[in-house]
Amino acid sequence: MADVTADIEDTKNGLSSTRVAQILLVAAVLLAAARPVLPEFMIRVPEAWIPPFAQWLDYFFNVIVIEKLKIAVLTRWFAEGPLEFMLNTMANLLEGKRRWPFLGPVPWTAVAAVAAVVGYYLGGWRMAALAGGTFIWTALIGQWKIAMQTMSVLSVAAPLAFFTGLLLGITAWKWELVNRIIKPVLSVLQTLPFFTYLLPAVIFFKVGPTAGAVATIVYAIPPMILMTTLGLKKVSPEVVEAGKMAGCTRWQMLTRVYLPAARTEILVGVNQVIMLCLAMVVLTAFIGMPGLGAKLLAMMGSFKLGRSFEIGVTIVLLAVMLDRLSKAWVVKLPEHHEKGTPWWKEHVVLLTAIGAFVVFLALAQFVQVFDHIGRKQDFSRGKEIDTAIKGFLAIDTVQAFTGWWRWFLNVWILIPFRNGLLWIPTPAFILGIVAFSCWLGGKRPAIYAALFFSLVALSGWWDRSVITLYAVISAVILSMFIGLPLGILASRNERWSRRILLACDTAQTFPSFIYLIPAIMLFGVNDVAVIFSIVIFTTVPLTRYTIEGLRTVPPEMTEAADMSGATKRQKLLTVQLPLALPTMAVGFNQAIMFAFFMVIIAAFIGTQDLGQELQRTLAGTDLGKNFVLGICVSLMALSFDLTILSWAERRKRALGLA
């Protein structure tokens, strides 16, 4: 129905998008079939035709930005001055880093106690157990210092990202021109691979925590801007009119009317900022950031799976805790007290937190265990877990099972698919992508896809880009075979829906590094491990939005199908899935975006794609090459993003849901 409606609209302006897609697909197939007789320049863009984008960008950054504009002087001053002072202060408080100002370290028991009080205030005893228990686990397992190295950077980066995103979001909401300029920039920033953030941070800021903090801040800002703008635009006219009638000034309208009314959206942005900051601060281990990410990288590099598992659990607990606390903050309404209420009653939570902090701070002065856990006192079982994992993997049945799957997927599916994509001539490949975009999303996304993939072809990294795309497509297709049936089955039972959605919520809080551990454990270092790690990551949104989409189907539609005598299968295929597709499209879109993100992470396993080249740029100062590679990933991701979003809009219009 959606395609028919869209085709009717397109036909008014000429050929329908479906007919154009068919013509383009036929042209692509004919061009691919003619490969043996095609001249070389029709198979791959000759090197002489490739513009020197990397050299141009290097000149722009090195000559104009650094030498003439002296931007590096300003950024180095900020890194060595205000930013380093904030990082040192938090590092002194949390981990006891012996730098000025000489404060801390705060005992682990005091931190755990305050976290438990905050958790109780936001979500009751369960949240208190999660918040306090996370820090207790971290200390008892012997990872307190490295965890506090991560938390000290996070506690600086997240507030800075929040305030920067809030100010830019208000600016974009206030001035439409700024909004139009900033939207495409945010789209690119949200699809750039994380390696692209790291090298500029290293060049313009000091290596280590300062560069890591800057990369983390820039990475986490886009969702804060988008959610702030969205929240302010959704403020009802009645609320605005009431503020004006009360005689509020422009500043009062912003601070006492608009921002409070947009509180929910802004706090959702805070949640996303915190989670992105945690994900990125772990990944900045590649540029010398100490903490959990660096330790995990070292343990995985030496194949110490037991210790990697323990660190992974710590990262997951921190992510789940921060996610749950920030989400509880979103739904918790502000408390209002009657006039004349005693001050201590209004601030009972604050006073309780201060009291708990002081008590454990005092105890730590006399009892060593309350202050810190020594090496011989922790409960780490990394060696035992490592032995158990290696023993399990050494079982003949396990080896036979994983070995067969590795052989089957590599020999019969993955390698032939990759070689097939690489065999296709570049023009035919682009025509095929454009045909797909035109058929699914319409003519406008097809034009963007043609432009974006042509730029990728002219970048000089076409084969690497195709290998990246092969990993993404393979993982998303395999994820569909898992996520869609799981979502359909779970949607039929309310209890199972809640359980699966809880599992999806939890899995989405896992930092991406975690997914590499089971992949390496089971399949070693090869293409199957790469695809497997991406599949775990991308199955989550497909499952989640399949459940959400099917649960939102109007009951009267399913009742009408039942009354007409439709079987369960007919009701699913003809009623429920068609109505759920616009919501499921969000899952497909997220799965593809997650796959592009994860395939770059998987470069650590050892790949031959753009992620591997991006990782190599971190060892030098190839800023131009770094940006070209990152933009190639971004352009491919944006092509699919625009196509799927356009298709979802067409479906909504056809169903009368727009």
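Residues numbered from 1 in each chain as written. Predicted model: local features only at pLDDT ≥ 70, side-chain atom pairs only at ≥ 80, totals over all residues. Heavy atoms only, no water.

1. Description of the overall build of the chain
Stated formally: Helical segments are the DSSP runs of H or I of at least four residues, strand segments are the runs of E of at least two, and each set is numbered from the N terminus. For every residue, the accessible area (1.4 Å probe, protein chains only) is compared with the maximum for its type, and the residue is labelled buried under 20%, exposed over 50%, or partly exposed between those bounds. Contact between two residues is taken to exist if any of their heavy atoms lie within 4.5 Å; hydrogens are not considered. The Shrake-Rupley method, run with a 1.4 Å probe sphere, supplies the accessible areas, and residue values consider only the shown protein chains as cover. In this count, Lys and Arg are taken as positive residues and Asp and Glu as negative ones, while His and the chain termini are left out. For this purpose, a charge sits on NZ of Lys, CZ of Arg, CG of Asp or CD of Glu.
Tallying secondary structure elements over the chain gives 30 helices and zero strands in all. Projected onto the principal axes, the alpha-carbon positions of the chain cover approximately 85 × 65 × 60 Å. Across the 658 residues of the chain, 49% fall into the buried class. When contacts within the chain are restricted to residue pairs at least 6 apart in sequence, long-range pairs at least 24 apart make up 79% of them. Surface exposure of the chain reaches about 32000 Å², of which carbon and sulfur atoms provide 68%. Charge centroids of the chain, computed over 55 positive and 38 negative side chains, lie 2 Å from each other.

2. Some points on the domain arrangement of the chain
Rule in force here: Domain extents, as shown, originate in an automatic or database domain assignment. By convention, the term buried area covers the 1.4 Å-probe accessible surface removed from two parts as they join, with the contributions of both added. One side-chain nitrogen of Lys or Arg within 4 Å of one carboxyl oxygen of Asp or Glu is enough to make a salt bridge. Polar contacts, as used here, are pairs of N or O atoms within 3.5 Å; protein pairs need one atom able to donate a hydrogen and one able to accept it. Residues neighboring in sequence count only if both atoms are side-chain atoms.
Split by domain assignment, the chain resolves into domain 1 (8–39 + 426–458), domain 2 (106–140 + 306–392) and domain 3 (469–658). Taking the mean C-alpha position of each, domain 1 and domain 3 sit 24 Å from one another. Looking at the side of domain 1 facing domain 3, the largest losses of area belong to Leu440, Phe452 and Val456, adding up to 40% of the total buried there. In this structure, the connection of domain 1 to domain 3 is made through zero salt bridges. For the pair domain 1 and domain 3, the number of links is five residue pairs in polar contact (both at pLDDT 80 or more). Looking at the side of domain 1 that touches domain 3, the elements that each hand over two or more residues are helix 1 (2–11), helix 21 (426–441) and helix 22 (443–457). Considering each element in turn, the side of domain 1 that touches domain 3 owes the most residues, eight residues, to helix 21.

3. Here we look at the packing of aromatic side chains
Between two aromatic rings, the relevant description is the distance of the centres plus the angle of the planes. Going by this rule: Centres within 6.5 Å make a pair out of two Phe, Tyr or Trp rings, where for Trp the six-membered ring is used; the pair is then stacked when the planes are under 30 degrees apart, edge-to-face when over 60, and tilted otherwise. For a lysine, the NZ atom is tested; for an arginine, the CZ atom; a charge sits over a ring if that atom is within 6 Å of the ring centre and within 35 degrees of the ring normal.
Inspection of every chain in the model, using the stated rule, returns 29 aromatic pairs. Centroid distance phenylalanine 360 to phenylalanine 370: 6.3 Å. Interplanar angle 20°. Geometry classified as stacked. Of the two residues, phenylalanine 360 sits in helix 17 (residues 348–364) while phenylalanine 370 sits in helix 18 (residues 368–371), which places them 10 residues apart along the sequence. Look at phenylalanine 360 and you get partly exposed, because its relative accessible area is 26%. Relative accessible area serves as the criterion here: at 29%, phenylalanine 370 is assigned to the partly exposed category. Each residue in the set Phe194, Phe195, Phe286, Tyr515, Phe537, Phe594 and Phe597 is aromatic and connected to the rest through ring pairs, giving one cluster. For the cation-ring pair, lysine 332 lies above tyrosine 121, with the distance from its terminal atom to the ring centre recorded as 4.7 Å. Between arginine 499 and the ring centre of tryptophan 496, over which it is positioned, the NZ or CZ distance is 5.0 Å.

4. Re the packing of helix 7 (residues 144–174) against helix 8 (residues 176–191)
The line we're drawing: Interaxial angle, 0 to 180 degrees, is taken between N-to-C directions of lines fitted to C-alpha atoms, where a helix line uses only the stretch in contact. Orientation labels follow simple angle bins: below 35 degrees gives roughly parallel, above 145 gives roughly antiparallel, 65 to 115 gives roughly perpendicular, and whatever is left gives oblique. Each residue receives one of three labels: charged for Asp, Glu, Lys and Arg, nonpolar for Ala, Val, Leu, Ile, Met, Phe, Trp, Tyr, Cys and Pro, and polar for the others, Gly being one of them.
Packing of helix 7 against helix 8 leaves a shortest axis separation of 5 Å and a crossing angle of 120°. Taken together, the axes of helix 7 and helix 8 lie oblique to each other. The segment helix 7 lies against helix 8, with Leu168, Thr171, Ala172 and Lys174 engaging Glu176, Val178, Asn179 and Ile182. Of the residues contributing to the contact of helix 7 with helix 8, the split by class is four nonpolar, two polar and two charged.

5. So, a positive patch on the surface
Formally: A residue counts toward a patch only above 30% relative accessible area and without a salt bridge, and it is joined to like-charged neighbours within 9 Å or, for Val, Leu, Ile, Met, Phe, Trp and Tyr, to nonpolar neighbours within 5 Å.
Together, Lys295, Lys304, Arg375 and Lys383 line one region of the surface with positive charge. Within the secondary structure, arginine 375 sits in the loop between helix 18 and helix 19 (382–393). On the basis of relative accessible area, arginine 375 is assigned to the exposed category, the value being 81%.

6. Regarding the pattern of salt bridges
Applying the stated criterion to the full structure yields 13 salt bridges. In this structure, arginine 498 and glutamate 494 form a salt bridge, with 4.0 Å as the shortest nitrogen-oxygen distance. Here arginine 498 and its partner glutamate 494 are both found in helix 24 (residues 494–508), four residues apart, which amounts to about one turn of the helix. Residue glutamate 494 is classed as partly exposed on the basis of its relative accessible area, which comes to 42%. Residues joined in a network through salt bridges with shared partners are Arg464, Glu613, Arg616 and Lys625.

7. Things to note about the side chain of aspartate 609
Within the element layout of this structure, aspartate 609 appears in the loop between helix 28 (568–601) and helix 29 (610–617). Despite its burial, aspartate 609 remains without a salt bridge, the nearest opposite charge being carried by arginine 464 at 6.0 Å. In this structure the side chain of aspartate 609 is engaged in a polar contact, spanning 3.1 Å, whose partner is the backbone nitrogen of glycine 611. Among residues more than four places away in sequence, those in contact with aspartate 609 are Arg464, Ile467, Thr468 and Val599.

8. As for a nonpolar patch on the surface
Taken together, the side chains of Phe401, Trp404, Trp405, Trp407, Val411, Trp412 and Ile413 define a hydrophobic patch exposed on the protein surface, amounting to about 760 Å² of accessible area. Looking at where valine 411 falls in the secondary structure, it is placed in helix 20 (residues 396–423).

9. Here we look at the nonpolar core
What counts, and what does not: What is meant by a nonpolar core is a set of buried Ala, Val, Leu, Ile, Met, Phe, Trp, Tyr and Cys residues, joined one to another through side-chain atoms within 4.5 Å.
Among the nonpolar cores identified, the biggest contains 175 residues, and Phe135, Phe194, Phe195, Leu198, Phe453 and Phe596 are the most heavily contacted of them. At 15 residues, helix 7 tops the list of elements feeding residues into this core. With sequence-adjacent residues up to four places away left out, leucine 198 is seen in contact with Ala215, Met280, Leu283, Thr284, Phe286, Ile287 and Leu618. Counting eight residues, the second-largest nonpolar core is a separate cluster that includes Leu484, Val553, Leu572 and Met584.

10. Brief notes about the environment of valine 628
The topology assignment puts valine 628 in helix 30 (residues 623–655). Distance from valine 628 to threonine 196, taken between C-alpha atoms, is 9.1 Å for residues 432 residues apart in sequence. For valine 628, the contacting residues outside a window of four places in its chain are Phe53, Ala54, Leu57, Ser459 and Trp461.

11. Topic: the side chain of serine 479
Looking at the secondary structure, you find serine 479 in helix 23 (residues 462–491). By relative accessible area, serine 479 is classed as buried at 0%. One polar contact links the side chain of serine 479 to the main-chain carbonyl oxygen of valine 535, over a distance of 3.5 Å.

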